[in-house]
Amino acid sequence: MSCAQEEVSTQSLHAGYVQMWHHSLFHIKSMGLLCVVGLGIPTAIHRRGGAATVSDIVSETGVHPSKLPYLQRLMRMLALSGIFTADQPDKSDPIYKLTPVSHILVQDSASNPYDMSPLHRILARPSTAISTFFSLEAWFRDGSATTLFEMAHGVPSWSLTKNDGSYNKDMNDSLFMDSSFLMDVMLKEVGSKGIFDGLRSLVDVGGGHGGAAKAIARAFPHIKCSVLDLEQVISEAPSDGTVQFISGDMFESILPADAAFIKLVLDCWGDDDCVKILHQCKRAIPSRDARGKVIIVNFVLGQGTRDNVALETQLLFDVFMMRYGGAEREEHEWRKIFLEAGFSDYKITPILGFQSIIEVFP
Ligand code: SAH
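Going along each chain's sequence as written, the residues are numbered from 1 onward. Only residues with pLDDT of 70 or above have their local features reported here, since the model is predicted, and side-chain atom pairs are shown and tallied only from 80 upward, although totals for entire chains, interfaces and linings are computed over all residues. Working from all heavy atoms in the structure, the side-chain values ignore hydrogens and water.

- The name given to the chain in an unreviewed UniProt entry is O-methyltransferase, with the source organism recorded as Paspalum notatum var. saurae.

**A closer look at the sheet that holds strand β3 (residues 95-98)**
Line of reasoning, step 1. Two strands pair if DSSP finds at least two bridges between them. Each helix corresponds to a stretch of at least 4 residues labelled H or I by DSSP, and each strand to a stretch of at least 2 residues labelled E; elements are numbered beginning at the N terminus. Spatial ordering of the open sheet is given by β1-β3-β2, a layout of 3 strands whose pairing is antiparallel. Each having just a single partner strand, β1 (51-52) and β2 (84-87) make up the two edges of the open sheet.
Line of reasoning, step 2. Bridge analysis of β1 against β3 gives 2 bridges, and the strand direction is antiparallel. Opposite Ala 52, over in β3, you have Tyr 96 as the bridge partner.

**Section: the domain arrangement of the chain**
Line of reasoning, step 1. Where each domain begins and ends is defined by an automated method or by a domain database. Under the domain assignment used here, the chain contains domain 1 (3-108) and domain 2 (119-361).
Line of reasoning, step 2. One C-alpha centre belongs to domain 1, the other to domain 2, and the line joining them spans 32 Å.
Line of reasoning, step 3. Listed per partner, the contact involves 8 residues of domain 1 and 6 residues of domain 2.
Line of reasoning, step 4. Once two parts are put together, the accessible area they lose, assessed with a 1.4 Å probe and summed over both, is termed the buried area. Summing both partners gives a buried area of about 570 Å² for domain 1 against domain 2, and 75% of it is carried by carbon and sulfur.
Line of reasoning, step 5. Among the residues of domain 1 in contact with domain 2, Met 31, Leu 34 and Val 37 are the three that bury the most area, contributing 56% of the side total.
Line of reasoning, step 6. Each reported salt bridge corresponds to a side-chain nitrogen of Lys or Arg within 4 Å of a carboxyl oxygen of Asp or Glu. In this assembly, domain 1 and domain 2 are joined by 0 salt bridges.
Line of reasoning, step 7. We define a polar contact as two N or O atoms separated by no more than 3.5 Å, with the added condition that, inside protein, one atom must be a possible hydrogen donor and the other a possible acceptor, whereas residues neighbouring each other in sequence contribute only through side-chain atom pairs. Across the contact surface, domain 1 and domain 2 share 1 residue pair in polar contact (both at pLDDT 80 or more).
Line of reasoning, step 8. Residues are grouped as follows: nonpolar covers Ala, Val, Leu, Ile, Met, Phe, Trp, Tyr, Cys and Pro; charged covers Asp, Glu, Lys and Arg; every other residue, Gly included, is treated as polar. Its residues assigned to classes, the side of domain 1 that touches domain 2 shows 6 nonpolar, 2 polar and no charged. Residue contacts are counted whenever heavy atoms from the two residues lie within 4.5 Å of one another.

**A closer look at the site of the ligand**
Line of reasoning, step 1. Close to the ligand lie 17 residues, the nearest being Ser 179, Gly 206, Asp 229, Asp 249 and Lys 263.
Line of reasoning, step 2. Interatomic distance of 2.7 Å between a backbone N/O atom of Gly 206 and a nitrogen atom of the ligand.
Line of reasoning, step 3. Between a nitrogen atom of the ligand and a side-chain N or O atom of Asp 249, the distance comes to 2.9 Å.
Line of reasoning, step 4. Considered on its own, the ligand offers 570 Å² of accessible surface; in the complex 96% of this is hidden by protein.
Line of reasoning, step 5. Along the lines of polarity and charge, the residues of the shell around the ligand split into 9 nonpolar, 5 polar and 3 charged. Being near a molecule or strand, for a residue, comes down to having at least one heavy atom within 4 Å of it. To measure how exposed things are, a 1.4 Å probe is used in the Shrake-Rupley method; for residues, cover is taken only from the protein chains shown.

**Focus: the packing of aromatic side chains**
Line of reasoning, step 1. Whether two aromatic rings pair depends on their centres lying within 6.5 Å, for rings of Phe, Tyr and Trp, where Trp uses its six-membered ring; planes under 30 degrees apart make the pair stacked, over 60 edge-to-face, and the rest tilted. Tallied over the full model, the rule gives 14 aromatic pairs.
Line of reasoning, step 2. Residues Phe 299 and Phe 354 carry aromatic rings whose centres are separated by 4.9 Å and whose planes lie at 70 degrees to one another, so their mutual orientation is edge-to-face. Here Phe 354 lies in the loop between β9 (345-351) and β10 (355-361) and Phe 299 lies in the loop between β8 (293-298) and α16 (308-321), a separation of 55 residues in the sequence.
Line of reasoning, step 3. What makes Phe 299 buried here is its relative accessible area of 3%.
Line of reasoning, step 4. Through pairs of rings, three or more aromatic residues link up here, namely Phe 133, Phe 299, Phe 317, Phe 320 and Phe 354.
Line of reasoning, step 5. Geometrically, a lysine NZ or arginine CZ counts as sitting over a ring once it is within 6 Å of the ring centre and also within 35 degrees of the ring normal. For Lys 29, the ring lying beneath its charged end belongs to Phe 26, and the centroid distance is 5.4 Å.
Line of reasoning, step 6. Geometry around Trp 334 places Arg 329 over its ring, the cationic atom sitting 5.6 Å from the centre. Relative accessibility thresholds used throughout: buried, under 20% of the residue-type maximum; exposed, over 50%; partly exposed, between the two (1.4 Å probe, protein chains only).

**Overview of the packing of helix α2 (residues 26-39) against helix α5 (residues 68-80)**
Line of reasoning, step 1. Here α2 crosses α5 at 115 degrees, and the two axes come no closer than 10 Å. The crossing of α2 and α5 is left-handed. Of α5, the residues touching α2 (which contributes Ile 28, Lys 29, Gly 32, Leu 33, Cys 35 and Val 36) are Leu 74, Met 75, Met 77 and Leu 78.
Line of reasoning, step 2. Tallied by class, residues from the contact of α2 with α5 come to 8 nonpolar, 1 polar and 1 charged. An axis is simply a line fitted to the C-alpha atoms; with a helix, the fit covers only the stretch in contact. Between two such axes, the angle follows the N-to-C directions and lies from 0 to 180 degrees. Handedness of a crossing follows from how the near helix is turned relative to the far one, being left-handed for an anticlockwise turn of less than a right angle and right-handed for a clockwise one.

Right, here's the structure in full:
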């Protein structure tokens, strides 16, 4: 070995070898979770009073009895990963219980009002989320402006929601539940911080099926809430009269309101497009009235994160959003966009040590 060559201790070589195995197999965890959610296992454990053996699970779900030993192995792996707990894991048929992760995937509104299984399914959806990343290496070698999503699927994401009804439905259902959950939490956590004080009207830009707008209208019935989204989204939106649905293009115009609310939309776009969208938001809100503001709900990388899991998840999602040409942003990156769009000031309030609310003022 030459002196210039990096010396690697036997100990770190061994550690690197094991970690390489671990990182290479991450997809098994994600696909294993997708499978147990598809089989309805969190719900089956819940139906059994929150504790079940794999034999119980087999009799509750559509798992073929011949697959029992395989399911035991899948459950053992997911329990070690924190998706379930197992009493006496060494026993041949341990009792599995729910953890906070599997509880939020239970499909029973009485015990879990926020069923996150649609969100999990869209994040790990084989045909649109997973397979897109098969093209990642080719995309890095490509010099054109084609997005990763377009390279993988032949059309931009928001055209695919038009052409593929099941993708459109999965997208709208998953974000409806995410918005209902996050807004209810946010309104409880920040309800007293005055973010919605004094508002008489609000437009939810790219608001999907109105999960956020409906939560705001429930909490503040005097605020007239509208939802703007693409025609293929609005035409499928279940309307209960609490919010007004409008189909249109946020790049062209946004209905005037005291506040423009925009959740998980700007991270789908590059900086130039964000500036264009925020320009339209600015035109929609009053500029000389203290009420006028844009309320953004998105990650601000590193803001308020309480642990490494939250930070790593933000960075995983940043790479996930690369497929659209979008990005998760640090505070200084957000500030640059706000100034370019003609705004003068902003205020960040972290929620759950994970997402943030950014109020942006003209
Ligand atoms: N704000 C919602 C949905 C976020 S997903 C939520 O957090 O629950 C991004 C949304 O932007 C999708 O509903 C998509 O249809 C919408 N969108 C994309 N391009 C748009 C455009 N040009 N005009 C209006 N909405 C658009």
